[in-house]
Amino acid sequence: MKASKSSATAELPLLKKSSKRAKILANWELYLFMLPALLYFLIFHYFPMYGIQIAFKNFVPSMGVTGSPWVGFDHFERFFNSYYFWDLLWNTFSISFYELAIGFPLPIILALAFNEIRSGKFKKTVQTVTYAPHFISVVVMAGMIITFLSPSNGMIVMLIEALGFNAPQFLTDPAWFKTMYVLSGVWQSTGWGTIIYLAALSGVDPQLHEAAIVDGASRFKRVLHINLPTILPTITIMLILNMGNILTVGYEKILLLQNSLNLEASDVISTYVYRAGLVDAQYSFSTAVGLFNSVINVILLVLVNWIARRTSSNSLW
């Protein structure tokens, strides 16, 4: 009996392996479909993490990553003790939270509004108009902003002056840079951001609306008490993901709109990493700054996910 039990126990891992292999073979098309995305993340996100160690080294290209001497946390201390540390942190946080405060609720409101439109042609037209800016490249978008806000012949500036007001210096005044950056980004991304919420709204049970109509509920109350709670789990997940990227301010548009006059408000961590790493060739120092940025993002992601898990049943893990 003991011998039979031991042999049966030894065969369990083999049975599990064979069952897993059988499942993979039975669904090989799905694994093949997933392979390009997996390779992308491995090649461009995970394999390069080998180079993170230069943040703790004095990297010399001729000596290589492994041959460069260790310096510990010297680069981090240099960044924390620099006079521009708090300015970079403030600009990054203020732009990110400004963008989150305005850009996050607008796709939700727009999706709820789209869902209430009954005319199919009008709905498709409005959706196309709001989706279109998403496909404008960052370079073209920056060129449009510079052209429209040009103090000499900008369309928006001329319109403001035609109304009898003094147009502010949008491109050179630091006080206007964050508003200009955030509002242009909201215009470009709001329509596209409604797609995921519209998909969630498609799962609303029509019988709930029928019962609410019988009870005398207005359209606004049905949106507030039926549609909004339905997409609340999606809203929570999207908020967690956005908080995980709170310090990842896209440097492309900022670099294209940045100049010496608005640098006080436009210089963020990502643009500083670009200058230090690629322009000044301070590879170890820029890697340390970028690693600090990533660690803060991870901490915020875990913290917000923990709060969401404690306050509701919706979280990433």
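Here the residue numbering is sequential within each chain, running from 1 through the sequence in written order. Local features in a predicted model are, by the rule used here, given only for residues with pLDDT of at least 70; side-chain atom pairs are given and counted only at 80 or more, and totals for whole chains, interfaces and linings are based on all residues. Just so you know, side-chain values use all the structure's heavy atoms and leave hydrogens and water out.

## Observations concerning the overall build of the chain
Here is step 1: Comment: elements are numbered from the N terminus, with helices defined as DSSP H or I runs of at least four residues and strands as E runs of at least two. Looking only at helices and strands, the chain has 16 helices and zero strands in total.
Here is step 2: The globule rule used here is 2.2 Å times the number of residues to the 0.38 power, and the radius of gyration it is set against is calculated over C-alpha atoms. By the compact-globule yardstick of 20 Å for 317 residues, the chain is too spread out, its C-alpha radius of gyration being 26 Å.
Here is step 3: Referenced to the eigenvectors of the C-alpha coordinate spread, the extents of the chain come out at roughly 100 × 75 × 35 Å.
Here is step 4: Any two residues whose heavy atoms approach within 4.5 Å are treated as being in contact. When contacts within the chain are restricted to residue pairs at least 6 apart in sequence, those whose partners lie at least 24 apart make up 65%.
Here is step 5: Roughly 19,800 Å² of accessible area belongs to the chain as shown, and the carbon and sulfur atoms make up 69% of that amount.
Here is step 6: Side chains of the chain carry 21 positive and 16 negative charges; the gap between the two charge centres is 16 Å. Each accessible area value is a Shrake-Rupley result obtained with a 1.4 Å probe; residue values ignore everything except the protein chains displayed when judging cover. When charges are counted, Lys and Arg are positive and Asp and Glu negative, with His and the chain ends excluded. Every charge is mapped onto a representative atom, which is NZ of Lys, CZ of Arg, CG of Asp or CD of Glu.

## Some remarks on the pattern of salt bridges
Here is step 1: Whenever a carboxyl oxygen of Asp or Glu lies within 4 Å of a side-chain nitrogen of Lys or Arg, that contact is scored as a salt bridge. Considering all chains together, one arrives at three salt bridges under this definition.
Here is step 2: R219 is the partner of E116 in a salt bridge, and the nearest nitrogen-oxygen pair spans 3.5 Å. Remark: R219 occurs in helix 12 (residues 219-244) and E116 occurs in helix 6 (residues 105-116); sequence separation between them is 103 residues.
Here is step 3: Several salt bridges converge on common partners, so that one network encompasses E116, R118 and R219.

## Observations concerning the UniProt feature "domain: ABC transmembrane type-1" (unreviewed entry) in the chain
Here is step 1: In the numbering used here, UniProt assigns the feature "domain: ABC transmembrane type-1" (unreviewed entry) to residues 89-304.
Here is step 2: Across residues 89-304 one finds 76% helix and 0% strand; the C-alpha atoms that close the span lie 19 Å apart. UniProt positions are given in the numbering used here, feature names are shortened, and annotations may be inferred rather than shown by experiment.

## A few points about a nonpolar patch on the surface
Here is step 1: Patch definition: residues above 30% relative accessible area lacking any salt bridge, with like charges linked at up to 9 Å and the nonpolar side chains Val, Leu, Ile, Met, Phe, Trp and Tyr linked at up to 5 Å. There is a patch of nonpolar side chains on the surface, built from W28, L32, L35, L38, L39, Y40, F41, I43, F44, Y46, F47 and M49 and spanning about 1,300 Å² of accessible area.
Here is step 2: Structurally, the position occupied by W28 is in helix 2 (residues 28-46).
Here is step 3: Overall, W28 belongs to the partly exposed group, its relative accessible area being 49%. Working definition: with a 1.4 Å probe on protein chains only, accessible area under 20% of the residue-type maximum means buried, over 50% means exposed, and in between means partly exposed.

## As for the environment of F56
Here is step 1: With respect to the helices and strands, F56 occurs in the loop between helix 2 and helix 3 (64-67).
Here is step 2: Sequence spacing of F56 and L303 is 247 residues, and the spatial spacing of their C-alpha atoms is 26 Å.
Here is step 3: With residues near it in sequence (within four places) discarded, F56 still touches W70, V71, G72, F73, F76 and L291.

## Considerations on the packing of helix 8 (residues 138-148) against helix 10 (residues 174-201)
Here is step 1: Only the stretch in contact is used when fitting a helix axis, every axis being a line fitted to C-alpha atoms; angles between N-to-C directions are given from 0 to 180 degrees. Running from N to C, helix 8 and helix 10 cross one another at 125°; their axes reach a closest spacing of 12 Å. Compared by their axis directions, helix 8 and helix 10 come out oblique. At the point where helix 8 passes helix 10, the crossing takes the right-handed sense. Contacts from M141, M144 and I145 in helix 8 reach M180, S184, W187 and Q188 in helix 10.
Here is step 2: Note on residue classes: Ala, Val, Leu, Ile, Met, Phe, Trp, Tyr, Cys and Pro are nonpolar, Asp, Glu, Lys and Arg are charged, and everything else, Gly too, is polar. Counted by class, the contact of helix 8 with helix 10 contains five nonpolar, two polar and no charged residues. What sets the label is the angle itself: under 35 degrees gives roughly parallel, over 145 gives roughly antiparallel, 65 to 115 gives roughly perpendicular, and the rest give oblique. Crossing handedness follows the turn of the near helix against the far one: under a right angle anticlockwise gives a left-handed crossing, and clockwise gives a right-handed one.

## Side note on the UniProt feature "transmembrane region" (unreviewed entry) in the chain
Here is step 1: Mapped onto the present numbering, the UniProt feature "transmembrane region" (unreviewed entry) falls at residues 25-47, 88-114, 135-160, 180-200, 228-251 and 283-308.
Here is step 2: Along residues 135-160, the helical share is 65% and the strand share 0%, with 28 Å between the first and last C-alpha atoms.
Here is step 3: Along residues 228-251, the helical share is 75% and the strand share 0%, with 34 Å between the first and last C-alpha atoms.

## Things to note about unusual backbone geometry
Here is step 1: One non-glycine residue with positive phi stands out, namely A281, at about 60°.
Here is step 2: Its place among the elements puts A281 in the loop between helix 15 (269-279) and helix 16 (283-311).
Here is step 3: Overall, the relative accessible area of 40% leaves A281 in the partly exposed class.

## Things to note about the packing of helix 12 against helix 16
Here is step 1: Following both chains from N to C, one finds helix 12 and helix 16 inclined at 155°, their axes separated by 7 Å at the closest point. One element, helix 12, and the other, helix 16, form an angle in the roughly antiparallel class. Read as a crossing pair, helix 12 and helix 16 show a hand that is right-handed. Residues T236, I240, M243 and G244 of helix 12 pack against N297, L300, L301, V304, N305 and A308 of helix 16.
Here is step 2: Here the contact of helix 12 with helix 16 is built from residues that sort into six nonpolar, four polar and no charged.

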